[in-house]
Amino acid sequence: MSSGIFHRGPALAGPQASGDTLESLHQQAHACERCDLYRNATQVVFGEGPMDAPVVMVGEQPGDKEDVAGRPFVGPAGHKLDVCLAEAGIDRSRCYLTNAVKHFKFEERAKRRLHAKPNSGEIQRCAYWLAAELRLIQPRLVVAMGATALTSLLGRNVRVTRDRGKLFATPSGFPVLVTVHPSFLLRLPDPEEARREQSRFVEDLKKALPFFPAP
Ligand code: SF4
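Report follows, based on the coordinates. Each chain has its residues counted from 1, running along the sequence as written. For a predicted model such as this one, the threshold for reporting local features is a pLDDT of at least 70, and the threshold for listing and counting side-chain atom pairs is 80 or more; totals across whole chains, interfaces and linings nevertheless cover every residue.

1. Description of the overall build of the protein chain
Part 1: Strands here mean DSSP runs of E at least two residues long; helices mean DSSP runs of H or I at least four residues long; both are numbered from the N terminus. A tally of regular secondary structure across the protein chain gives eight helices and eight strands.
Part 2: Restricting the calculation to C-alpha atoms gives the radius of gyration, and the globule rule supplies 2.2 Å times the number of residues raised to the power 0.38. Radius of gyration (C-alpha) of the protein chain: 16 Å, near the 17 Å computed for a compact globule of 215 residues.
Part 3: Each of the 215 residues in the protein chain was classed as buried or not, and the buried ones make up 40%. Exposure classes come from backbone-placed C-beta atoms, where a residue is buried if 20 or more other C-beta atoms lie within 10 Å of its own, exposed if 12 or fewer do, and partly exposed in between.

Shown next as structure tokens:
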């Protein structure tokens, strides 16, 4: 790791996990009206993966494809993540994949639903669910992919560009590794830069390898 220091972020509020399972949390989230994003989205998109996952990967919010499928990371960014995880030697099925915000936020233009960035209030309200997921799973490492995940987990004092590759910690003590969101790689117009940034992302992901117990 480029930093052995665990910096502390803000507390995440969330429901008590006692008696809860990931499935019961998912069911509860279907009825969530903590912010307005439930109004226009198709459905809640909860995290997915094993309850004993050593590593939890957190993205921003579901995209158009995820909103329809009801599953996280099944669209273009998810496919890019799959490629990069494989390059890093990480088995996706051993990770729990989720988003900081569980409903798709979008703007409609010419009948297309275009991604809209969640605001700080929406991120803060949905941190309730992310906190509950972490409390149940008790991961060895959380990978924060992009600014929204970082804000949810650690507040606004941590920056992707400045702190990428470093380890921080939530107040509950979960180590958090900072990196970019895979959708960033899809937006780079220059192929050479895209290749270079993909390699950097894979190197970031490799830092998660020591947190997986031997199979
Ligand atoms: S985005 Fe999160 S907080 Fe807002 S309604 Fe959906 S599940 Fe609830």
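Having seen the structure, we can now continue with the description.
2. Some thoughts on the site of the ligand
Part 1: Residues are classed as near a molecule or strand if the C-beta position derived from their backbone is within 6 Å of it. The local shell around the ligand holds 15 residues, among which Cys32, Arg34, Cys35, His103 and Cys126 are the closest.
Part 2: Three classes are used, and their members are as follows: Ala, Val, Leu, Ile, Met, Phe, Trp, Tyr, Cys and Pro are nonpolar, Asp, Glu, Lys and Arg are charged, and the others, Gly among them, are polar. Tallied by class, residues from the shell around the ligand come to nine nonpolar, one polar and five charged.

3. Observations concerning helix H5 (residues 147-154)
Part 1: Within H5, eight of the eight residues are buried, which leaves the element mostly enclosed by the surrounding structure.
Part 2: Within the sequence span of H5, burial applies to Ala147, Thr148, Ala149, Leu150, Thr151, Ser152, Leu153 and Leu154.
Part 3: Working definition of a contact: two residues with C-beta atoms, positioned from the backbone, lying within 7 Å. Of the surrounding secondary structure, the elements contacted by the buried residues of H5 are strand S2 (55-59), helix H4 (120-137), strand S6 (141-145), helix H6 (160-163), strand S7 (167-169) and strand S8 (175-179).
Part 4: Of the residues trailing H5, Gly155 is marked for its positive phi of about 85 degrees.

4. Examining the pairing of strand S4 (residues 106-109)
Part 1: We treat two strands as partners when DSSP finds at least two bridges between them. Here S4 runs beside strand S5 (residues 112-115); their pairing, made up of four bridges, is antiparallel. Across the sheet, Glu108 pairs through a bridge with Arg113, a residue of S5.

5. Some words on the nonpolar core
Where a protein is soluble and globular, its nonpolar side chains tend to be buried together.
Part 1: Think of a nonpolar core as buried Ala, Val, Leu, Ile, Met, Phe, Trp, Tyr and Cys residues chained together by C-beta atoms that fall within 7 Å. Val56, Val58, Val142, Val143, Ala144 and Val176 are the most contacted members of the largest nonpolar core, which has 51 residues in total.
Part 2: For this core, the elements supplying multiple residues, two or more each, are S2, helix H3 (76-88), strand S3 (95-99), H4, S6, H5, S8 and helix H8 (191-206).
Part 3: Beyond its immediate stretch of four places on either side in the chain, Val58 contacts Thr98, Asn99, Ala100, Leu130, Val142, Val143, Ala144, Met145, Ala149 and Leu153.

Remember, this is a structural readout, not a statement about activity or role.
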